[in-house]
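# Architecture at a glance
One-letter residues, chain by chain:
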Amino acid sequence: SIKGWGLYFTDNTSCFFVFAAILILCSVIYNQEQSSGFYPILRICRYGRLKTFVSKSSVLIILTCSLIIGFALEKFCIYGLMQGFSDGNNAIQILPEFVKCPYRITLIEYLLISLGIQMLTGIVFSLICATISVFLYNYVILYIAGIGVIGANLALYLMPVYNPDN
């Protein structure tokens with residue numbers, strides 16, 4: 001019998017908390033100079049433009065990946081303590097949601113693949129929010145745009161999927 005894995009892979013509620021945290025990170029990392037009045041000084045410094053942007057983007061990517069790994073570990077520990085996990089070397093097709101998966105991968109491999117996809121998604125979202133933040137330097141517009149991206153993501157997630165077997 002399979003225990004824990006089905007719940008772990010189908011629970012996506014933590015994604016919204018990750019997106020909200022990334023949105024807050026972007027507003028803190030990129031908008032501080034403008035709101036404090038330090039931005040004109042930063043622009044005329046020798047390393048004030050490109051190197052600062054690269055450093056801030058690197059920090060944002062590292063924090064985003066850390067945040068995603070932290071939420072994934074927390075979810076893994078919760079389901080592990082609640083139900084426990086069966087052997088992770090079973091094929092992914094043992095779960096009802098993945099019966100028609102054409103690839104021969106194990107549950108552990110799928111866990112790593114899904115974690116990698118979540119990290120790429122988080123990085124793309126954080127860079128979109130960073131771009132909006134750099135061009136607009138406005139907290140309200142950044143939050144509205146970020147919530148719009150999250151809302152579009154939710155709308156796509158809730159759309160019915162065409163299944164030729166139905």
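For the structure, see preceding data.
Residues numbered from 1 in each chain as written. Predicted model: local features only at pLDDT ≥ 70, side-chain atom pairs only at ≥ 80, totals over all residues. Heavy atoms only, no water.

### A few points about the packing of helix H2 (residues 14-36) against helix H5 (residues 107-136)
Applicable threshold: Axis definition: a line fit to C-alpha positions, over the contact stretch in the case of helices; interaxial angles, taken between N-to-C directions, run 0 to 180 degrees. Helix and strand labels come from DSSP, where a helix needs a run of H or I of at least four residues and a strand needs a run of E of at least two; each type is numbered from the N terminus. An angle below 35 degrees is read as roughly parallel, one above 145 as roughly antiparallel, one from 65 to 115 as roughly perpendicular, and any other as oblique. Crossing chirality is assigned from the near helix's rotation relative to the far helix, an anticlockwise turn below a right angle marking it left-handed and a clockwise turn marking it right-handed. Throughout, a contact is declared for two residues whenever any of their heavy atoms are within 4.5 Å. Gly falls in the polar group here, along with every residue not listed as nonpolar (Ala, Val, Leu, Ile, Met, Phe, Trp, Tyr, Cys, Pro) or charged (Asp, Glu, Lys, Arg).
In the contact formed by H2 and H5, the axes pass within 9 Å of each other and the chain directions differ by 40°. Classed by the angle they form, the pair H2 and H5 counts as oblique. The handedness of the crossing between H2 and H5 comes out as right-handed. In this structure, H2 contributes Phe19, Ile22, Leu23, Cys26, Tyr30 and Asn31 to the contact, and H5 contributes Thr121, Gly122, Phe125, Ser126, Cys129, Ala130, Ser133 and Val134. Looking at the contact of H2 with H5 residue by residue, the classes come out as nine nonpolar, five polar and no charged.

### Some details on the nonpolar core
Threshold: What we call a nonpolar core is a set of buried Ala, Val, Leu, Ile, Met, Phe, Trp, Tyr and Cys residues that are connected through their side-chain atoms within 4.5 Å. The classification of residues rests on relative accessible area computed with a 1.4 Å probe and restricted to protein chains. Under 20% of the type maximum is buried, over 50% is exposed, and intermediate values are partly exposed.
Formed by 29 residues in total, the largest nonpolar core has its most connected members in Phe9, Ile92 and Leu95. Those elements that provide at least two residues to this core are helix H1 (5-10), H2, helix H4 (50-82), H5 and helix H6 (139-158). Ranked by the residues each element gives to this core, the list is headed by H5, at eight residues. Ignoring any residue separated from it by four or fewer positions in sequence, one finds Phe9 in contact with Ile92, Leu95, Phe98, Leu107, Tyr110, Leu111 and Ser114.

### Some remarks on the side chain of Asp11
Formally: In this charge count, Lys and Arg are treated as positive and Asp and Glu as negative; neither His nor the chain ends contribute. Counted as salt bridges are all cases of a side-chain nitrogen of Lys or Arg within 4 Å of a carboxyl oxygen of Asp or Glu. In protein, a polar contact means a hydrogen-donor-capable atom and an acceptor-capable atom, both N or O and within 3.5 Å, with residues adjacent in sequence counting only if both atoms are side-chain atoms; elsewhere, any N or O pair within 3.5 Å suffices.
Positionally, Asp11 belongs in the loop between H1 and H2. An unpaired buried charge is present at Asp11: no salt bridge exists, and Lys75, the closest side chain of opposite charge, is 5.0 Å distant. Separated by 2.9 Å, the side chains of Asp11 and Tyr79 make a polar contact. Asp11 has contacts with Lys75 and Tyr79, leaving out every residue within four places of it along the chain.

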